Amino acid sequence: MPPPSAALARPLKLAVVGAGPSAFYAASRVLAKLPASTAQGEQTRVHMYDKSWAPHGLVRYGVAPDHPENCIHKFDQTAEDPRFSYFGNVSISSSSSTKSPPNPAAVQIQLSDLFPHYTHLVLAIGSASPAPLPPGLQATPALDIVHWYTGHPSSQGAPPLDKVKHLTLIGHGNVSLDIARLFLTPPSVLAKLDIPDDVIEVLKKSTVEEIEIVSRRGPAEVAFTAKELRELLALPNATLEPIPEEMLVTPPGATRQQTRILDLLRKGSQPKGTSPPDARKTKWKLVFFRSPQETKTVDGAVNITYDINTLDEQRRAKPTGQKEKRRTDLVVSSVGSRAVPFDRKSDTTTTVTTTSPSGETTSKSSTTDPWFDPVLGRIRNDQGRVLALEADSSSPTLKLVKNVYTSGWASHGAKGVLASTMYDAYEVADRLLGDHLSSSYNPTSSEALSSGFDPVSSVQPMNPTPSSLESAPSAVESAARGEGGKRAITWPVWKAIEAEEKRLGAAKGKDAERMQWKDVEAFLEARTQQQ
């Protein structure tokens, strides 16, 4: 749909919460579809908020340092549009806000503080909470490990690798393979990458000799990619324990990806290059058809009790009734993550009923954020349009939240690669633009009715006519000026920080040296004094 004429153009002032790939792709799509040279483009603004002082989300704080993504230049192009503004170090209330803010200078506001200032809202907050484990299972979340080696502001510190010889990773996904690869790669190789110095020092003292990666299904059902597997198999100092041939039979109808993975597993380790002097001989193994149920620490070691599985007709994990115990020193769980709800309370109690694959029905009552689905761990939505649950004990009703959207992992769960995230964000942005530019958009469409939400009612928290296209909440504006002991990081300030990280890295022979908040504060204070 082409932009309307000047007479029909209406303000489109969008707040994007989150600054990861999904957020930037959605913002770039809106600005690209509404060029500044058009009447509608003149009345379009995008403001991006993130709780971290550094943008780029998982590209900075989730992707393994030896797998840098090349999408940041596109994000920079978006941010260079004069209609775009970035506000980092702004914590928008969520149920995890009972914890202290990421740093003393962080700005804390409520989600509702955005409503008067914006016509539209996109929630691209990702999935920042580990998926729950069985009650008897204690494990370090993989997210904690990733936050540590990427220098995330909320890092809980280093794992005790100097006391670990055997490590168990639960989950056959890419994150598990990332962690295994980094722990098995000689520190002298990693020191050349964008990894904080204190992380390298811990890895130098690591005593890890063996890593066991466990999943509930078989080799044909693993979630990691052939690319990730090939890189782990290529490590010159780490050997994969051979897998029995009978487990590596290609199933009927196997995809190309499944076939490639099974072929790689048959070949086993294919070391490339020579090991540097600091390399230790290590090994790793893939364990299949095991679901962990309980952990018990005995004499400093961890005993894990597993259910032994088989596959049903749909190739889903099915317990056999048999159990097995395995011993390890540290358990890390990488079985997915969930979005974190905002700290917004519903006026009524919502009863959520779920049915397990075995037919067991359970009900949970909740008065939390009506936009959040506690069962699925994501924001309620219909193809990106956010829905609110308004309910009593007998008649729950889903209502459209007008002009509020969600994209990325917050909308559909923690799955997919960067390309699928981009396409999803583009689709949501196109839907937002179509709704805004169409004078006939009606939530009673067949699309809406098919999703089961109220075809008549809608909730309208946003302001269709904000007083200014440029304004942000007053607490954010004052913090962007460095007032009141708070500091919101704008895009020009971030680019100065980024340049300093690159300067520090170049002095050490690597791309960048990631700064912590204390380093950022010192740098910005010195920069202010020089101006």
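Refer to the preceding data block for the structure.
A few points on the structure. (Residues numbered from 1 in each chain as written. Predicted model: local features only at pLDDT ≥ 70, side-chain atom pairs only at ≥ 80, totals over all residues. Heavy atoms only, no water.)

1. Regarding the pairing of strand 2 (residues 44-50)
Okay, so step 1: Along strand 2, 7 of the 7 residues are buried, which leaves the element largely enclosed by surrounding structure.
Okay, so step 2: Both faces of strand 2 are covered, namely the face carrying T44, V46, M48 and D50 and the face carrying R45, H47 and Y49.
Okay, so step 3: Pairing geometry for strand 1 (residues 12-17) and strand 2, over 6 bridges, is parallel. Bridged to A15 within strand 2 is H47. (Buried < 20%, exposed > 50% of the residue type's maximum accessible area, 1.4 Å probe, protein only. Helix = DSSP H or I, 4+ residues; strand = E, 2+ residues; numbered from the N terminus. Pairing = 2+ DSSP bridges.)

2. Notes on the packing of aromatic side chains
Okay, so step 1: For the structure on display, the rule yields 12 aromatic pairs.
Okay, so step 2: On the numbers, 6.0 Å between centres and 85 degrees between planes, the contact of Y25 with Y426 is edge-to-face. With Y25 in helix 1 (residues 21-33) and Y426 in helix 12 (residues 418-437), the pair connects residues that are 401 residues apart, well separated along the chain. Y426 carries the same exposure label as Y25, and that label is buried.
Okay, so step 3: With a centroid separation of 5.6 Å and 85 degrees between ring planes, the pair formed by Y86 and W491 is classed as edge-to-face. Of this pair, Y86 sits in strand 3 (residues 84-88) while W491 sits in helix 15 (residues 491-506), placing them 405 residues apart in sequence. Summarising the burial analysis for this pair, Y86 and W491 share the class buried. (Phe/Tyr/Trp six-rings, centres within 6.5 Å; stacked < 30°, edge-to-face > 60°.)

3. A short note on unusual backbone geometry
Okay, so step 1: A positive phi angle, near 65 degrees, is found at N89, a position not held by glycine.
Okay, so step 2: Structurally, the position occupied by N89 is in the loop between strand 3 and strand 4 (90-92).
Okay, so step 3: Located in the positive-phi region is Q383, a residue other than glycine, with phi close to 55 degrees.
Okay, so step 4: Within the secondary structure, Q383 is located in the loop between strand 22 (381-382) and strand 23 (385-390).
Okay, so step 5: Exposure remark for Q383: the relative accessible area of 41% places this residue in the partly exposed category.

4. Section: the sheet that holds strand 8 (residues 140-141)
Okay, so step 1: Across the sheet, which stays open at both edges, the 6 strands sit in the order 8-16-9-10-12-11 with parallel pairing between neighbours. Two strands in the sheet have a free side with no partner beyond their single neighbour: strand 8 and strand 11 (238-240).
Okay, so step 2: Note: strand 9 (residues 166-170) against strand 16 (residues 330-333), 4 bridges, orientation parallel. Paired with L169 across the bridge in strand 16 is V332.

5. A word on helix 8 (residues 197-204)
Okay, so step 1: Within helix 8 the residues assigned to the buried category are V199, I200 and L203. One side of helix 8 carries all its buried residues, which in axial view fall inside an arc of 100 degrees. More than 90 degrees from the buried face of helix 8, the exposed residues found are D198 and K204.
Okay, so step 2: Residues of helix 8 that are buried sit in contact with helix 5 (142-150), helix 6 (174-184) and helix 7 (187-190). (Arc of directions from axis to C-beta. Contact = heavy atoms within 4.5 Å.)

6. As for the sheet that holds strand 15 (residues 317-328)
Okay, so step 1: Strand order in the open sheet formed by 3 strands is 13-14-15, and the pairing between neighbours is antiparallel. Every interior strand has two partners, whereas the edge strands, strand 13 (290-298) and strand 15, have only one. Across this sheet, the average inter-strand angle for adjacent strands is 20 degrees, counted without regard to direction.
Okay, so step 2: Where strand 13 lies against strand 14 (residues 301-311), 8 bridges are found, and the strand directions are antiparallel. Residue V298 lies in a different strand from strand 14, and its bridge partner there is A301. (Axes fitted to C-alpha atoms, helices over the stretch in contact; angles between N-to-C directions.)

7. Observations regarding the pattern of salt bridges
Okay, so step 1: Counted by the stated rule, this structure contains 33 salt bridges.
Okay, so step 2: Residue E231 pairs with R181 through a salt bridge whose shortest N-O separation is 3.8 Å. Taken together, the positions of E231 in helix 9 (residues 226-233) and R181 in helix 6 put the pair 50 residues apart, joining distant regions of the chain.
Okay, so step 3: E231 gets classed as partly exposed once you look at its relative accessible area, which sits at 27%.
Okay, so step 4: Exposure remark for R181: the relative accessible area of 2% places this residue in the buried category.
Okay, so step 5: Note that R514 and D194 form a salt bridge whose closest N and O atoms lie 3.1 Å from each other. Of this pair, R514 sits in the loop between helix 15 and helix 16 (517-530) while D194 sits in the loop between helix 7 and helix 8; the two residues are 320 residues apart in sequence, bridging distant segments of the chain.
Okay, so step 6: The structure contains a network of salt bridges with shared partners spanning D66, D178, R181, K227, E228 and E231. (Salt bridge = Lys/Arg side-chain N within 4 Å of Asp/Glu carboxyl O.)

8. Points about a positive patch on the surface
Okay, so step 1: The grouping of R230, R256, R260, K267 and K272 at the surface amounts to a positive patch.
Okay, so step 2: The element contributing the most residues to the positive patch is helix 10 (residues 256-267), with 3 residues.
Okay, so step 3: Looking at the element boundaries, R256 is found in helix 10. (Patch = residues over 30% accessible without salt bridge, like charges linked within 9 Å, V, L, I, M, F, W, Y side chains within 5 Å. Areas by Shrake-Rupley, 256 points an atom, 1.4 Å probe, with all protein chains shown as cover. Lys, Arg positive; Asp, Glu negative; His and termini not counted. Charge placed at Lys NZ, Arg CZ, Asp CG, Glu CD.)

9. Re the packing of helix 5 against helix 6
Okay, so step 1: Running from amino to carboxyl end, helix 5 crosses helix 6 at an angle of 50 degrees, the nearest separation of the two axes being 11 Å. Classed by the angle they form, the pair helix 5 and helix 6 counts as oblique. When you trace helix 5 past helix 6, the crossing you get is left-handed. Contact residues: helix 5 offers A142, I145, V146, W148 and Y149, while helix 6 offers V175, D178, I179, L182 and F183. (Parallel < 35°, antiparallel > 145°, perpendicular 65-115°, else oblique. Left-handed = near helix turned anticlockwise from the far one by under 90°.)

10. Comments concerning the pairing of strand 16
Okay, so step 1: Side-chain alternation along strand 16 places L330 and V332 on one buried face and V331 and S333 on a second face that is also buried.
Okay, so step 2: Pairing analysis gives 2 bridges linking strand 8 to strand 16, with the strands arranged parallel. Along strand 16, the bridge assignment pairs P141 with S333.

11. Quick look at helix 5
Okay, so step 1: The element helix 5 is extensively covered by neighbouring structure, given that 7 of its 9 residues are classed as buried.
Okay, so step 2: When helix 5 is considered as a whole, its buried residues turn out to be A142, I145, V146, H147, W148, Y149 and T150.
Okay, so step 3: Looking at the packing, one finds that the buried side of helix 5 touches helix 3 (58-61), strand 8, helix 6, helix 8 and strand 16.
Okay, so step 4: A positive phi of about 75 degrees marks G151, the residue just after helix 5.

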